[in-house]
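A closer look at the structure
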Amino acid sequence: MPLRQTVCKKKFSRRAFTLIEMLLVASLLSVTGLAVYHAIANGLRVWEYSRRYSSEEDVAIFFEKISSDLHNVYAYSLIPFEGKANQIFIPTIVTMPADKKAMDPDQMVEQIGAVEYFLQKGKKTIYRRQRNYSQALALKKFFDGRALAAPVENLRFTYFVIEGDEIKPRKIVSKRIPVSVQVDVDFTEVGGNIRHLKRIINIPMGRI
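From a predicted model like this one, the values you see are computed outputs, not experimental measurements.

1. Details of the sheet that holds strand S7 (residues 166–170)
Taken in spatial order, the 4 strands of this open sheet run S7-S6-S9-S10, and their pairing is antiparallel. Looking at strand neighbours, the two that pair on one side only are S7 and strand S10 (194–202), the edges of this open sheet. Neighbour to neighbour, the strand axes of the sheet diverge by 20 degrees on average, direction disregarded. Inspection of the sheet shows strand S6 (residues 152–163) paired to S7 by 5 bridges, in the antiparallel sense. Each residue of the ladder has a partner; that of Tyr159, found in S7, is Arg170.

2. Points about unusual backbone geometry
Here Ala150 and Pro151 are connected by a cis peptide whose omega angle stands at -5 degrees. Checked against the element boundaries, Pro151 lands in the loop between strand S5 (146–149) and S6.

3. Re the side chain of Asp186
Following the sequence through the fold, Asp186 ends up in strand S9 (residues 180–188). Residue Asp186 is classed as buried on the basis of its relative accessible area, which comes to 15%. Looking at Asp186, its side chain comes within polar contact range of the side chain of Arg156, at 3.1 Å. Once residues lying within four places of it in the same chain are set aside, the contact partners of Asp186 are Val152, Glu153, Asn154, Arg156, Ile194, Arg195 and His196.

4. As for the sheet that holds strand S2 (residues 87–97)
In space, the 6 strands of this open sheet follow the order S5-S4-S3-S2-S1-S8, with antiparallel pairing throughout. Of all strands in the sheet, those with a lone pairing partner are S5 and strand S8 (173–174), marking the two edges. Two elements, S2 and strand S3 (residues 108–120), share 11 bridges in a ladder whose sense is antiparallel. The residue of S3 that forms the bridge with Thr92 is Gly113.

5. Here's the deal with the packing of aromatic side chains
For the coordinates displayed, the defined rule picks out 6 aromatic pairs. Relative to Tyr133, the ring of Tyr76 has its centre 6.2 Å away and its plane inclined at 25 degrees; by these criteria the two rings are stacked. You can see Tyr76 sitting in the loop between helix H1 (19–71) and strand S1 (82–83) and its partner Tyr133 sitting in helix H2 (residues 133–138), a full 57 residues away along the chain. The class for Tyr133 is partly exposed, based on a relative accessible area of 29%. Geometrically, the ring pair formed by Phe81 and Tyr159 is edge-to-face, given 6.4 Å between the ring centres and 90 degrees between the ring planes.

About the cut-offs
- Sequence order as written defines the numbering, with residues in each chain counted from 1.
- A pLDDT threshold of at least 70 governs which residues receive local features in this predicted model, and a stricter bar of 80 or more applies before side-chain atom pairs are shown or counted, although totals over entire chains, interfaces and linings include all residues.
- Excluding hydrogens and water, the side-chain values take into account all heavy atoms of the structure.
- Any two strands are treated as partners once DSSP identifies two or more bridges connecting them.
- Secondary structure counts use DSSP, requiring at least four H or I residues in a row for a helix and at least two E residues in a row for a strand, with both numbered from the N terminus.
- Note on method: axes are straight lines fitted to C-alpha atoms, helices fitted across the in-contact stretch only, with angles between N-to-C directions ranging 0 to 180 degrees.
- In this scheme, a residue with accessible area under 20% of its type's maximum is buried, one over 50% is exposed, and one in between is partly exposed, where area comes from a 1.4 Å probe on protein chains only.
- Throughout this description, a polar contact denotes any pair of N or O atoms lying within 3.5 Å of each other; where both atoms belong to protein, one of them has to be capable of donating a hydrogen while the other can accept it, and for residues adjacent in sequence the pair is counted only when both atoms sit in side chains.
- We call two residues in contact whenever any of their non-hydrogen atoms come within 4.5 Å of each other.
- Here a pair means two rings of Phe, Tyr or Trp (six-membered ring of Trp) with centres within 6.5 Å. Their orientation is stacked below 30 degrees between planes, edge-to-face above 60, and tilted elsewhere.

Put into C-alpha cells, the structure is as follows:
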C-alpha cells in the first residue's frame, strides 16, 4: 500500500499598517518635532539675550567700580598715580580684611591702599587687583585679580591734565593726578558684533 505524503501548510497571520495609521503617525511625529524645535529655538534666543545683556552689565559694573576708585583718589608721594594706555594704578580707598591682631579679624575694613585695572588680552578679560597700605608701600605683589568684564577686545585710558590754563589729553601720566579719565571699552556681543562704550570720570583730587 503506497504511503501518502501529507503536506501540512501553516497559515501565518500577517497584519500590516494601514495608510491612515501611517499618516497619523507621521502627523504626530511632525507635530512633536515642531514643538521640540520651537522649544529649543526659544531657549537659544533667551540664552543669547541673557548673554548679550550679561556682557553689557559686566562692563557697567566695571565702570561703577573704577568710578568709585577714581572718586576716592588721594595724593601721597609714596603711592603715586600711574596711568598707561591700557593699564591704570590708582592710590585709593580699598576694602580689605582686618588685621589679624584686630578683635574681629574676619571683619572687612576700609583703608587707604591701591588698585590696578588692566586688560588681559589672552583671556579678553578686565581684571581689578588691589593692595592694602603696607603692601602698596612695599610694592608687594597684588592679591589675585578679580575678573570684572568679558569678553573685552580693547581697553583704553585717556588722561586729562591741567597744563597752564588748558586741560589737555595724555595717553600716559606718571606721579600726577589727572582731573579726569576717559575709559573706552570694546566688547563682543553674542553673534560677534563689537560694541563700544565710553565714560569720562572726573577726579576731585585732580583739581587741588
